[in-house]
Amino acid sequence: MWLCNIMLPFIAESLGQKIVVKEGWISGLVEKMVQNQYRNKITLAICFPASESLGFQKGDNSLFVKDKAEGIDYYIFREDTNHPENYDTAMEEALGAIFRDFNPDILHIFGTEYPHTLAAVRAFNQPDKTLIGIQGLCSAIAEVYMADLPISVQKKKTFRDILKKDGLLEQQTKFAKRGEYEREALSLVHHVTGRTDFDKEMTQKLAPNATYHFMNETLRREFYSDTWDIDKIEHFSLFLSQGNYPIKGLHYVLDILPEIVEKYEETVLYVAGDVITANSSLKDKIKISGYGKYLLNQIKKNKLQDHIKFVGRLHSDRMCARFLKTHVFLCPSAIENSPNSVGEAMLLGVPVVAADVGGIHNLLTNGKDGLLYAKDKPKQLKDAILRIFEDDKLAMAMSSHAREHALKTHNSIQNYHTLLDIYFEICTGRKRE
């Protein structure tokens, strides 16, 4: 049984629900599982959380909803995913009922970001048959959440922040609380998957009783076929896959963008994800967060209105198209494990400039596949961007090397068989020959 943070796209399509643009690598893996389930004699079921309104009738006291999509059983249980800092013991009862219904040999939990991970570990209560896949790590995020923002900005609250009790300091506290659930869940299991030096080191600290299994990620299929072409790009364009909260580092880019614009006035920064700087209507003004307000002030102060475009959440086809038009993809995060966005950019051959944090150095070779810079050195970020802007031969060489590297890292067949090997080892206690 897989426990996922979100409703996977193929299930959402079967229900006519909006597809969530997150954790796309699981979609790449589930395709292999569906295609090969009879050959490998694996019966897969998937469970995931949802609000009261999805699948549950009003006044319905059932513990879960069960249905089928593409031949795969799936289960929906209740969780307040808008407030993941709160632990609800009712999830243990619901997940326990789901596990009794399906009776899995292995529970594979994707991610530690939500309290349902701890609830599932407790409810299943078979540490030797439980596997947790490391995605992001809340405890690590909490430590660097402010990402060098000025103290005055950290303390600043908008009407929205006060009303929702969700200013930056509260957000950091919530991540720390989620980190507590994460620590307990990891301490209780005997198997963990990861793929970077960063998550291996964290596993040794947080899951001292667990065997660490190396497994790379398979990304969405749209990113395996197209290839970046310097003759078809929007020159002097930058792309950031999200800037929703401080650790994603949009403010770092806004600090150095004026100097780039001064040299190349055609420069445009595209930002995907939630548009937290929206300010055109009264509703927008009421809903804007403290961090969104700070970004908006940066944009206005530096007269960047014509040099930044927020493109909203993009499904895989539009995301791919945006990548292919991009001159340089940016990952200026304060912390990352192995960001899918960097992997997707590399698969397409888009030149990458990324902060040398977490496990990013395991994805690309600095100077060959892309450029890494020290997170606390904004001048290095600026210089790396300009270096690619001004050297087409370098950009094309990096593009070729990045794609070659990423096709190995994100090889869907190899990664699928690695997972089967891990499952075999968990079930039998020995490695497959």
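The rules behind the values
Residues numbered from 1 in each chain as written. Predicted model: local features only at pLDDT ≥ 70, side-chain atom pairs only at ≥ 80, totals over all residues. Heavy atoms only, no water. Phe/Tyr/Trp six-rings, centres within 6.5 Å; stacked < 30°, edge-to-face > 60°. Helix = DSSP H or I, 4+ residues; strand = E, 2+ residues; numbered from the N terminus. Buried < 20%, exposed > 50% of the residue type's maximum accessible area, 1.4 Å probe, protein only. Lys NZ or Arg CZ within 6 Å of the ring centre and 35° of its normal. Axes fitted to C-alpha atoms, helices over the stretch in contact; angles between N-to-C directions. Parallel < 35°, antiparallel > 145°, perpendicular 65-115°, else oblique. Left-handed = near helix turned anticlockwise from the far one by under 90°. Contact = heavy atoms within 4.5 Å. Nonpolar A, V, L, I, M, F, W, Y, C, P; charged D, E, K, R; others polar. Pairing = 2+ DSSP bridges. Salt bridge = Lys/Arg side-chain N within 4 Å of Asp/Glu carboxyl O. Core = buried A, V, L, I, M, F, W, Y, C linked by side-chain atoms within 4.5 Å. Patch = residues over 30% accessible without salt bridge, like charges linked within 9 Å, V, L, I, M, F, W, Y side chains within 5 Å. Areas by Shrake-Rupley, 256 points an atom, 1.4 Å probe, with all protein chains shown as cover. Lys, Arg positive; Asp, Glu negative; His and termini not counted. Charge placed at Lys NZ, Arg CZ, Asp CG, Glu CD.

Engineer: With reference to specific residues and values, describe the packing of aromatic side chains.
Structural biologist: Aromatic rings in a pair are described by how distant their centres are and how their planes are angled relative to each other. Applying the stated rule across the entire model yields 15 aromatic pairs. Centre to centre, the rings of Trp2 and Phe110 are 4.8 Å apart; their planes meet at 65 degrees, and the pair counts as edge-to-face. In this pair, Trp2 sits in strand S1 (residues 2-3) while Phe110 sits in strand S5 (residues 107-110), placing the two residues 108 residues apart along the sequence. With a relative accessible area of 1%, Trp2 lands in the buried category. Here a set of aromatic residues connected by ring pairs shows up, and it is made of Phe223, Phe239, Phe323 and Phe329. We note Arg178 situated over the ring of Phe175; from NZ or CZ to the ring centre the distance is 4.8 Å.

Engineer: Give me the lowdown on the packing of helix H3 (residues 90-102) against helix H4 (residues 116-124), citing residues and values where you can.
Structural biologist: The N-to-C vectors of H3 and H4 enclose an angle of 55 degrees; their axes lie 8 Å apart at closest approach. By the angle between their directions, the pair H3 and H4 is classed as oblique. Note on packing geometry: the crossing formed by H3 with H4 is right-handed. Here Met91, Glu92, Leu95, Gly96 and Phe99 of H3 come into contact with H4, specifically with His116, Ala119, Ala120, Arg122, Ala123 and Phe124. Its residues assigned to classes, the contact of H3 with H4 shows seven nonpolar, two polar and two charged.

Engineer: So what's going on with the packing of helix H14 (residues 340-348) against helix H16 (residues 392-409)? Residues and values would help.
Structural biologist: Packing of H14 against H16 brings their axes to within 6 Å, and their N-to-C directions diverge by 120 degrees. Between H14 and H16, the interaxial angle falls into the category oblique. When you trace H14 past H16, the crossing you get is left-handed. Residues Gly343, Met346, Leu347 and Leu348 of H14 touch H16, and the partners they reach there are Ala402, Arg403, His405, Ala406 and Leu407. Taken together, the residues of the contact of H14 with H16 sort by class into six nonpolar, two polar and one charged.

Engineer: Could you give an account of the sheet that holds strand S14 (residues 371-373), with specific residues and numbers?
Structural biologist: Pairing within the open sheet is parallel, and its six strands lie in the order S11-S10-S9-S12-S13-S14. Of all the strands in the sheet, the pair left with one neighbour each is strand S11 (308-312) and S14. Averaged over all pairs of adjacent strands, the angle between strand axes in this sheet comes to 25 degrees, irrespective of strand direction. Helix H13 (residues 316-325) rests against strand S9 (237-240), strand S10 (268-272), S11 and strand S12 (328-331) of the sheet, and its axis sits at about 145 degrees to S9.

Engineer: Go over the pattern of salt bridges, please, and point to the residues and values.
Structural biologist: Oppositely charged side chains are able to pair whenever their charged atoms sit close together. Following the criterion strictly, the structure yields 22 salt bridges and no others. Between Arg195 and Glu217 there is a salt bridge, with the nearest N and O atoms lying 3.1 Å from each other. Taken as a pair, Arg195 in the loop between strand S7 (191-194) and helix H9 (197-206) and Glu217 in the loop between strand S8 (211-214) and S9 lie far apart in primary sequence, 22 residues in all. Its relative accessible area of 4% is what places Glu217 among the buried residues. When the shortest N-O distance is used, the salt bridge between Arg432 and Asp421 registers 3.0 Å. Pair noted here: Arg432 is in the segment after helix H17 (412-428) and Asp421 is in helix H17, with a separation of 11 residues, a long-range link. The exposure class of Arg432 is partly exposed, given its relative accessible area of 38%. Classification of Asp421 by relative accessible area gives partly exposed; the value is 33%. Connected through salt bridges with shared partners, the residues Arg160, Asp161, Asp166 and Lys174 form a single ionic network.

Engineer: So what's going on with the nonpolar core? Residues and values would help.
Structural biologist: Counting residues in each nonpolar core, the largest one holds 112 residues, and the members touching the most others are Leu269 and Leu330. With eight residues, helix H10 (residues 250-263) is the single largest residue contributor to this core. When sequence neighbours within four positions are dropped, the list of residues in contact with Leu330 reads Leu238, Phe239, Leu240, Val253, Leu269, Val353, Leu381 and Ile385. Counting residues in hydrophobic clusters, the runner-up holds 32 residues, among them Leu8, Val34, Val65 and Tyr416.

Engineer: Account for a positive patch on the surface, naming residues and giving values.
Structural biologist: The grouping of Lys156, Lys285, Lys293 and Lys300 at the surface amounts to a positive patch. Inspection of the secondary structure assignment puts Lys300 in helix H12 (residues 290-301).

Engineer: Break down the environment of Ile256 for me, citing the residues and quoting the values.
Structural biologist: With respect to the helices and strands, the residue Ile256 is situated in helix H10. Taking the relative accessible area as the measure of exposure, Ile256 reaches 5% and is therefore buried. Between the C-alpha atoms of Ile256 and Thr203, which are 53 residues apart in sequence, the distance is 35 Å. When near neighbours in sequence (up to four residues on either side) are disregarded, Ile256 contacts Pro378, Leu381, Lys382 and Ile385.

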